[in-house]
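Below are the chains, spelled out letter by letter.
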Amino acid sequence: METKYRFEISDGDSWRLSKTTLTTSSKSGLKKRMKPVYVDGNLHWLRNDWSIIAFNPETEQARLIPCSFHPTPDTKVLFAANDETNLLTLISGTKKAISVYTLLGYHKWTLASQFKNVSMEESDLECWNVVAYDGKCLVVREKMIRSSDIELHVYDMEADSWGVFETAKCWSQDFYKFKPSFFSIEDDEQTKVLVPSDDQRLSYLTTIMEMIQPGKLSHCLIILSQFIILNHPTPLLISF
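This one's a predicted model, so the numbers in the text were calculated from it and none came from an experiment. (Residues numbered from 1 in each chain as written. Predicted model: local features only at pLDDT ≥ 70, side-chain atom pairs only at ≥ 80, totals over all residues. Heavy atoms only, no water.)

*Asks:* Sorry if this is basic, but what is going on with the overall build of the protein here?
*Replies:* Across its full length, the protein holds two helices and 18 strands. A separation of at least 24 residues holds for 40% of the contacts in the protein among residues at least 6 apart in sequence. Accessible surface computed for the protein: about 15,500 Å², of which carbon and sulfur atoms make up 52%. (Helix = DSSP H or I, 4+ residues; strand = E, 2+ residues; numbered from the N terminus. Contact = heavy atoms within 4.5 Å. Areas by Shrake-Rupley, 256 points an atom, 1.4 Å probe, with all protein chains shown as cover.)

This is how it looks when you write it as structure tokens:
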């Protein structure tokens with residue numbers, strides 16, 4: 001009736017067990033389809049009993065954060081982090097409302113905000129879920145019966161309003177936040193590819209570069225990025 005955790009760390013060439021292990025007094029597995037969250041130098045995993053395993057890869061110390069969060073069975077839950085406050089966050093959603101909880105200290109979840117969920121036609125609704133959150137925006141995904149389209153709704157925390165982000169054809173399980181990084185690129189004459197001015201890829205690149213200009217966008221949500229690569233396998237050298 002207890003669970004023992006061991007952690008493996010890669011030093012670059014090989015893997016080794018961490019210096020410490022963690023034994024809990026309760027038997028509980030980790031939440032499936034729930035990615036770990038990295039905050040304040042620690043990786044955090046959510047368990048089925050809603051407690052949290054925290055591990056610091058630098059000090060190789062681990063600890064158990066007790067459960068103080070008890071959602072109902074029909075509640076949609078997302079384990080995330082608030083990039084603005086650097087705090088662990090649990091999103092608890094029902095068809096009527098969405099609540100945002102932040103972890104204070106090592107054990108206390110406190111209600112940070114609550115707002116109405118996006119309007120859904122329950123008669124035609126097949127399924128929905130909360131899929132992404134970063135402190136500024138929250139993304140809800142829904143699929144209607146007899147429809148192949150997936151609607152992504154974005155809630156702007158500052159503007160306190162909903163908007164439709166995108167319509168997709170794929171019920172992807174994993175969503176990742178992406179922050180553009182600006183760095184210098186040195187030209188390599190041997191690998192440089194010259195692209196005609198009428199090449200369709202230029203329009204894609206123009207759109208992307210407009211999105212990631214400094215001051216215009218602080219975060220992006222990537223749904224599918226492979227289609228440009230699949231349709232246009234030739235590499236491009238881009239200079240900013």
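*Asks:* How should I be thinking about the sheet that holds strand S11 (residues 97–104) in this particular structure?
*Replies:* Hydrogen bonding along the main chain pairs the strands of a sheet, whether they run parallel or antiparallel. Reading across from one edge, S9-S10-S11-S12 is the order of the four strands in this open sheet, with antiparallel pairing throughout. Only two strands of the sheet have a single partner each, and these edge strands are strand S9 (76–82) and strand S12 (108–116). The sheet shows a mean angle of 25° between the axes of neighbouring strands, direction not considered. Relative to strand S10 (residues 87–93), S9 runs antiparallel, the two being bridged by seven bridges. Looking across to S10, one finds that alanine 81 is bridged to leucine 88. (Pairing = 2+ DSSP bridges. Axes fitted to C-alpha atoms, helices over the stretch in contact; angles between N-to-C directions.)

*Asks:* Please clarify how the confidence of the model for the protein should be interpreted in this entry.
*Replies:* Note that predicted coordinates carrying low pLDDT should not be read in detail. Looking at the protein as a whole, its pLDDT mean stands at 77, while 72% of the residues score no less than 70. Predicted confidence is poor over residues 215–240, with pLDDT under 50, and the contacts of this stretch with residues over four places away or in other chains come to 47 contacts. (pLDDT = per-residue confidence, 0-100.)

*Asks:* Which parts of the structure should I look at to understand the pattern of salt bridges?
*Replies:* If charged atoms from side chains of opposite charge come close, those side chains can pair. Following the criterion strictly, the structure yields four salt bridges and no others. Of the charged contacts, one joins aspartate 49 and arginine 47 as a salt bridge, the two residues approaching to 3.0 Å between their closest N and O atoms. Residue classification places aspartate 49 among the partly exposed residues on the basis of a relative accessible area of 26%. Judged by relative accessible area, arginine 47 falls into the buried class, the value being 0%. For the salt bridge of glutamate 84 with lysine 136, the shortest nitrogen-to-oxygen distance reads 3.8 Å. Here the residue glutamate 84 occupies a position in the loop between S9 and S10, and lysine 136 occupies one in the loop between strand S13 (125–133) and strand S14 (137–144), the gap between them amounting to 52 residues. (Salt bridge = Lys/Arg side-chain N within 4 Å of Asp/Glu carboxyl O. Buried < 20%, exposed > 50% of the residue type's maximum accessible area, 1.4 Å probe, protein only.)

*Asks:* Help me understand the pairing of S11 in this model?
*Replies:* Each regular strand carries side chains that alternate between the two faces of the sheet. Judged from the five bridges that link them, S10 and S11 form a sheet pairing that is antiparallel. Among the inter-strand pairings, isoleucine 91 is bridged to a residue of S11, identified as valine 100. In this antiparallel pair of consecutive strands, S10 and S11, the connection spans three residues. When S11 meets S12, the two strands line up antiparallel, connected through eight bridges. Note on S12: the bridge partner recorded for serine 99 is glutamine 114. With antiparallel pairing between neighbouring strands as the criterion, S11 and S12 make up a hairpin whose turn holds three residues, including glycine 105 at a positive phi of roughly 70°.

*Asks:* Explain the sheet that holds strand S6 (residues 42–46) to me, please; I cannot follow it from the model alone.
*Replies:* Taken together, four strands build an open sheet; the order of strands is S5-S6-S7-S8 and the sheet is antiparallel. Where the open sheet ends on each side, the last strands, each with one partner, are strand S5 (37–39) and strand S8 (61–65). Pairwise comparison of adjacent strand axes, ignoring direction, gives a mean angle of 25° for this sheet.

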